[in-house]
Amino acid sequence: MPSHSFTVNGRPVTVDAPDDLPLLWALRDLLGVRGPKYGCGIDVCKACTSHLDGEAVRPCVVPVAAAAGREVTTIEGLADGDRLHPVQEAWLEQDVAQCGYCQPGQIMAAVALLKRTKNPTDAELDAIANVCRCGTYFRIREAIRSAAEKMG
C-alpha cells in the first residue's frame, strides 16, 4: 500500500492508503480528524471544506495522493491555542450555528474568502455556496462581514 506524507494542522503525518482514497476518509478514518464532515461525497454540499496549502478544497473529492508534501488545514487547525480565529469568534457572536453540521465547512470557506478579499461583495458571499439545511444564511453573512471588519 502506498504511503502519503503531508501536514495536517501543523503536524506531519503519514498514512498508508490507496492513492485514490478521498482525503476526507484519510483525515477522518485514518487520522481521527473529525471537523470536516461527510455530506455528499461529490463536492455539492461542501460540508467537508478544508484548506490545501491555504486554498479551500473539498476533501471528499481530493485524492489523498494530491496532499503529498502539502499542508492540510481543517477547522481544528484554525484556532491558535485558546485564541479563536476571528471568523470563529464572529460565528459565536452572531449565533450562527443551529445543528452545526455544516459549520466547519462554512467557516473554512469564509476564512479562504477573507484571505482573498478584505471586503467581500454580496456576489463573493453567494459564491461560497455551502449548503446549510438550517437556513442560517443571513447570520452566516453577518458573521463573515463582522469578521472582515475585525480582520481589516
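What counts, and where the lines are drawn
Residues numbered from 1 in each chain as written. Predicted model: local features only at pLDDT ≥ 70, side-chain atom pairs only at ≥ 80, totals over all residues. Heavy atoms only, no water. Helix = DSSP H or I, 4+ residues; strand = E, 2+ residues; numbered from the N terminus. Rg over C-alpha atoms; globule rule 2.2 N^0.38 Å. Contact = heavy atoms within 4.5 Å. Areas by Shrake-Rupley, 256 points an atom, 1.4 Å probe, with all protein chains shown as cover. Lys, Arg positive; Asp, Glu negative; His and termini not counted. Charge placed at Lys NZ, Arg CZ, Asp CG, Glu CD. 1 Å grid on protein atoms, 1.4 Å probe; cavity = no way out; pocket = protein on both sides within 12 Å on 5 of 7 lines; lining within 4 Å. Points joined across faces, edges and corners; volume = space filled by probe spheres on them. Nonpolar A, V, L, I, M, F, W, Y, C, P; charged D, E, K, R; others polar. Domains from an automatic or database assignment. Buried area = accessible area lost by both parts, 1.4 Å probe. Salt bridge = Lys/Arg side-chain N within 4 Å of Asp/Glu carboxyl O. Expected span 1.5 Å × (residues − 1). Buried < 20%, exposed > 50% of the residue type's maximum accessible area, 1.4 Å probe, protein only.

Enquirer: Help me understand the overall build of the chain, please; the structure alone is not making it clear to me.
Expert: Along the backbone of the chain there are 5 helices and 5 strands. Sequence-ordered secondary structure for the chain, helices as α and strands as β, is β-β-α-β-β-β-α-α-α-α. In terms of overall dimensions, the chain is globule-like: its C-alpha atoms have a radius of gyration of 15 Å, near the 15 Å expected for 152 residues. Overall, the C-alpha framework of the chain stretches about 45 × 30 × 25 Å when taken along its three principal axes. For the chain, contacts bridging at least 24 residues in sequence account for 56% of all contacts bridging at least 6. With an accessible surface of roughly 7,700 Å², the chain has 50% of that area assigned to carbon and sulfur atoms. For the chain, the distance from the average position of its 16 positive side-chain charges to the average position of its 19 negative side-chain charges is 3 Å.

Enquirer: Just to check I follow, could you spell out the layout of surface pockets for this structure?
Expert: A probe matching the size of a water molecule, rolled over the atoms, marks out where space remains unfilled. Space inside the largest pocket adds up to approximately 190 Å³. Contributing to the lining of the largest pocket are Gly 39, Cys 40, Cys 45, Ala 47, Cys 99, Tyr 101, Cys 102, Val 131, Cys 132, Arg 133 and Cys 134. For the lining of the largest pocket, a count of residues per class yields 9 nonpolar, 1 polar and 1 charged. When residues of the lining of the largest pocket are assigned to domains, at least three map to each of domain 1 (3-77) and domain 2 (86-151). Space inside the second largest pocket adds up to approximately 150 Å³. The wall of the second largest pocket is formed by Gln 106, Leu 125, Asp 126, Ile 128, Ala 129, Asn 130, Tyr 137, Ile 140, Arg 141 and Ile 144. Looking at the lining of the second largest pocket, the elements that each hand over two or more residues are helix H4 (122-128) and helix H5 (137-151). The element contributing the most residues to the lining of the second largest pocket is H5, with 4 residues. When grouped by side-chain class, the residues that make up the lining of the second largest pocket number 6 nonpolar, 2 polar and 2 charged.

Enquirer: Looking at this structure, I do not really get the domain arrangement of the chain. What am I missing?
Expert: Where the parts come together, the accessible area they lose is often given as the size of the interface. Each assigned domain of the chain is listed here: domain 1 (3-77) and domain 2 (86-151). Between the C-alpha centres of domain 1 and domain 2 there is a distance of 21 Å. At the junction of the two partners, domain 1 supplies 15 residues and domain 2 supplies 14 residues. Of the roughly 1,200 Å² buried where domain 1 meets domain 2, counting both sides, 64% is carbon and sulfur surface. The interface formed by domain 1 and domain 2 holds 0 salt bridges in total.

Enquirer: For this particular structure, what's the right way to read helix H3 (residues 103-116)?
Expert: An α-helical turn contains 3.6 residues, so any two residues separated by three or four positions project in the same direction. Over its 14 residues, H3 runs 20 Å from end to end, which matches the ideal 20 Å to within 8%, given 1.5 Å per residue. Of all the residues in H3, the buried ones are Gln 103, Pro 104, Gly 105, Gln 106, Ile 107, Met 108, Ala 109, Ala 110, Val 111, Ala 112, Leu 113 and Leu 114. Buried residues belonging to H3 abut strand S3 (50-52), strand S4 (55-57), strand S5 (71-73), helix H2 (86-93), H4 and H5.

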